[in-house]
Amino acid sequence: MESGTLKGHIAMGTAAVIWGLMSPVSKLVMQPGEVSSASLATFRLLGAAILFWLASAFVPAETIERKDRLTLFYASLFGIIFNQMAFTVGVGFTSPADAAIITTITPVLTMILAAFVLREMITGKKIIGVCASAVGAILLISGSGARAAALPGDNNLLGDILCLASQCSVAVYFVFFKNLIGKYSPVTLMKWMFTYAVAVCLPFTFREVVSIHYSALPVQTWLGIAYVVALATFVSYICLSFAQQRLKPTAVSMYNYCQPVIASSVAVLWGMDHFGWMKTLSVLLVFTGVLLVTRTGKKAAVQEP
């Protein structure tokens, strides 16, 4: 495996670990009712924008070409606004398990879009790999125990639809903006994408954000918000952008299947769960599928349009 490709897989593995814990952490932040899903999504956007602007002071300055500015705004719409807002709000209405299961559709959508747009070859191994990982992820999530009890204000159907819209959006982002992402550094890209996202979303969520009684928030809520902003957004989006410059869209999207594996593994380490034969089989299916897709991706050339 080439050095650049290996670094891309390490970056996506890091992002998958961080995102694997985001759904339960987000649910814990929103569960008391003081911080709404829209407020948490706004914290993600605003906090990440501030962090990326601070980080840009420590990297070489880049100027976005005039012809790329509108494209970058569209990338922000699909990669951040529709993706993050829909998913974060959706998790607020549904269960983390439902949200995690819905994320398994992303590699399928990405593979289909990449075949039509980038002419990325769909091979038999790739189809088997995507399906094997999807089955493994769904078995792992479904076998993780009883469904969490519904909370006041939960609307599972609405939450599931929003999470599905989020995954469709991110599949579009992976495929249609690959060339733009490879043109600029991750910090430059994310600085402007999150700035656009804040400008679009803040007018709609400002009232909810300022109505929060911040002095009454417990320490664990602040820690959860910090995790979502600093790790699940700032660090993970740097990793994502870095990986997109080195991997094909389908390979990047396959790491969605690693998230339930990470969450389940942490539960085992914390003594909250145990590995039985079903979990072992599920994990093997997930990683076998990822391996098939990533190894196939090395042989299948992408013809740029």
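All of these numbers come straight from a predicted model, not from anything done at the bench.

Quick look at the side chain of serine 39
Link 1 in the chain: One can find serine 39 in helix H3 (residues 37-56).
Link 2 in the chain: Engagement of the side chain of serine 39 in a polar contact is seen with the side chain of serine 36, the distance being 2.9 Å.
Link 3 in the chain: With sequence-adjacent residues up to four places away left out, serine 39 is seen in contact with Glu208, Val209 and Ile212.

Quick look at the environment of leucine 6
Link 1 in the chain: Secondary-structure assignment places leucine 6 in helix H1 (residues 3-20).
Link 2 in the chain: For the pair leucine 6 and alanine 243, spaced 237 residues apart in sequence, the C-alpha separation works out to 9.4 Å.

Things to note about the packing of H1 against helix H11 (residues 219-244)
Link 1 in the chain: Running from N to C, H1 and H11 point in directions that differ by 155°, and their axes come no closer than 8 Å. Taken together, H1 and H11 sit at an angle that is classed as roughly antiparallel. Regarding H1 and H11, the two cross each other, and that crossing is left-handed. Side by side, H1 and H11 meet where Lys7, Gly8, Ala11, Met12, Thr14, Ala15, Val17, Ile18 and Trp19 of the first sit next to Tyr227, Leu231, Ala232, Val235, Ser236, Tyr237, Cys239, Leu240, Phe242 and Ala243 of the second.
Link 2 in the chain: Considered class by class, the residues forming the contact of H1 with H11 number 15 nonpolar, 3 polar and 1 charged.

Re the confidence of the model for the chain
Link 1 in the chain: Mean pLDDT for the chain: 80, with 82% of residues reaching 70 or above.
Link 2 in the chain: Note on residues 145-152: pLDDT is under 50 here. Beyond four places in sequence and across chains, it has 6 contacts.
Link 3 in the chain: For residues 297-305, every residue scores under 50 in pLDDT, and the model assigns this stretch 17 contacts once sequence neighbours within four places are set aside.

As for the packing of aromatic side chains
The geometry of an aromatic ring pair is captured by the separation of the ring centres together with the interplanar angle, meaning the angle of the planes.
Link 1 in the chain: In total, this model carries 14 aromatic pairs according to the counting rule given.
Link 2 in the chain: With a centroid separation of 6.1 Å and 55° between ring planes, the pair formed by phenylalanine 73 and tyrosine 74 is classed as tilted.
Link 3 in the chain: Classification of phenylalanine 73 by relative accessible area gives partly exposed; the value is 26%.
Link 4 in the chain: Seen in terms of ring centroids, phenylalanine 78 and phenylalanine 82 are 5.5 Å apart; in terms of plane orientation they differ by 90°. Their pairing is edge-to-face. Of the two residues, phenylalanine 78 and phenylalanine 82 are both situated in helix H4 (residues 66-93); the distance of 4 residues between them amounts to about one turn of the helix.
Link 5 in the chain: Taken together, the ring pairs in this structure connect Trp19, Phe52, Phe194, Phe234 and Tyr237 into an aromatic cluster.
Link 6 in the chain: In this arrangement the basic side chain of lysine 191 is found over the ring face of tryptophan 53, its NZ or CZ atom lying 4.5 Å from the centre.

About the cut-offs
Residues numbered from 1 in each chain as written. Predicted model: local features only at pLDDT ≥ 70, side-chain atom pairs only at ≥ 80, totals over all residues. Heavy atoms only, no water. Helix = DSSP H or I, 4+ residues; strand = E, 2+ residues; numbered from the N terminus. Polar contact = N/O pair within 3.5 Å; in protein donor to acceptor, adjacent residues only side chain to side chain. Contact = heavy atoms within 4.5 Å. Axes fitted to C-alpha atoms, helices over the stretch in contact; angles between N-to-C directions. Parallel < 35°, antiparallel > 145°, perpendicular 65-115°, else oblique. Left-handed = near helix turned anticlockwise from the far one by under 90°. Nonpolar A, V, L, I, M, F, W, Y, C, P; charged D, E, K, R; others polar. pLDDT = per-residue confidence, 0-100. Phe/Tyr/Trp six-rings, centres within 6.5 Å; stacked < 30°, edge-to-face > 60°. Buried < 20%, exposed > 50% of the residue type's maximum accessible area, 1.4 Å probe, protein only. Lys NZ or Arg CZ within 6 Å of the ring centre and 35° of its normal.

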